[in-house]
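Residue-level listing of the chains:
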Amino acid sequence: MDLIQDLQQKQKELDISIKQLRNTGTEYANAERTYKMTLRTEALKLRADKGMPVTLIDKTVYGIPSVADARFNRDVKEAVYRANQEAINSTKLQIRIIDSQISREWGNTK
């Protein structure tokens, strides 16, 4: 492949990654919302139903399976979102490198 085709391919990859970032960002936000709501619900249950002191709720609530599952799901979605951001940054860097190569080649053809 020549450099122009490489550049066009990287631009297509960048477009795809940006579209994926929107989806993974939405999934991450939804997982964060679910986690916060589950955490709140379980903390309130511990206080109201079991009369647990507020100082102990913070230490106990994270071990409740529904909270732990929601937190894990949120962390996985965040990791995917951040990996997608890194893929975008990597593609941008590759585009800049190819663009520099093109500039050097076209600049030397006098």
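Procedures and definitions
- Residues numbered from 1 in each chain as written.
- Predicted model: local features only at pLDDT ≥ 70, side-chain atom pairs only at ≥ 80, totals over all residues.
- Heavy atoms only, no water.
- Helix = DSSP H or I, 4+ residues; strand = E, 2+ residues; numbered from the N terminus.
- Rg over C-alpha atoms; globule rule 2.2 N^0.38 Å.
- Phe/Tyr/Trp six-rings, centres within 6.5 Å; stacked < 30°, edge-to-face > 60°.
- Buried < 20%, exposed > 50% of the residue type's maximum accessible area, 1.4 Å probe, protein only.
- Polar contact = N/O pair within 3.5 Å; in protein donor to acceptor, adjacent residues only side chain to side chain.
- Contact = heavy atoms within 4.5 Å.

Chemist: Would you mind showing me how to read the overall build of the protein here?
Modeler: Helices and strands together make up the secondary structure of the protein, namely 3 helices and 0 strands. Put simply, the protein runs from its N terminus to its C terminus through helices and strands in the order α-α-α. Rg of the C-alpha trace for the protein: 23 Å, well past the compact-globule value of 13 Å for 110 residues, more than 25% over. Seen along its three principal axes, the alpha-carbon backbone of the protein occupies a region of about 85 × 20 × 15 Å.

Chemist: Whenever I open this one, the environment of Ala43 confuses me. Can you help?
Modeler: When you line up the elements, Ala43 lands in helix α1 (residues 3-48). For the pair formed by Ala43 and Gln20, sequence separation is 23 residues and the distance between their alpha carbons is 34 Å.

Chemist: How should I be thinking about the packing of aromatic side chains in this particular structure?
Modeler: The description of an aromatic ring pair uses the distance of the two centres, along with the angle that the planes make with each other. Under the criterion given, the structure shown has 1 aromatic pair. A ring pair is formed by Tyr28 and Tyr81, whose centres lie 5.8 Å apart and whose planes are at 25°; its orientation type is stacked. Linking Tyr28 in helix α1 with Tyr81 in helix α3 (residues 65-107), this pair joins segments that are 53 residues apart in sequence. Of the residues examined, Tyr28 reaches a relative accessible area of 19% and is grouped as buried.

Chemist: Would you mind going over the side chain of Thr91 with me for this structure?
Modeler: Within the fold, Thr91 resides in helix α3. A relative accessible area of 7% places Thr91 in the buried class. There is a polar contact of 2.9 Å between the side chain of Thr91 and the backbone oxygen of Ala87. Those residues in contact with Thr91, other than ones at most four positions away along the chain, are Lys10, Glu13 and Leu14.

Chemist: What is the right way to read the side chain of Thr38 from this model?
Modeler: You can see Thr38 is positioned in helix α1. Relative accessible area serves as the criterion here: at 18%, Thr38 is assigned to the buried category. The residues contacting Thr38, other than those within four sequence positions of it, are Ser66, Val67 and Ala70.

The quantities given are spatial measurements derived from coordinates; they are silent on function.
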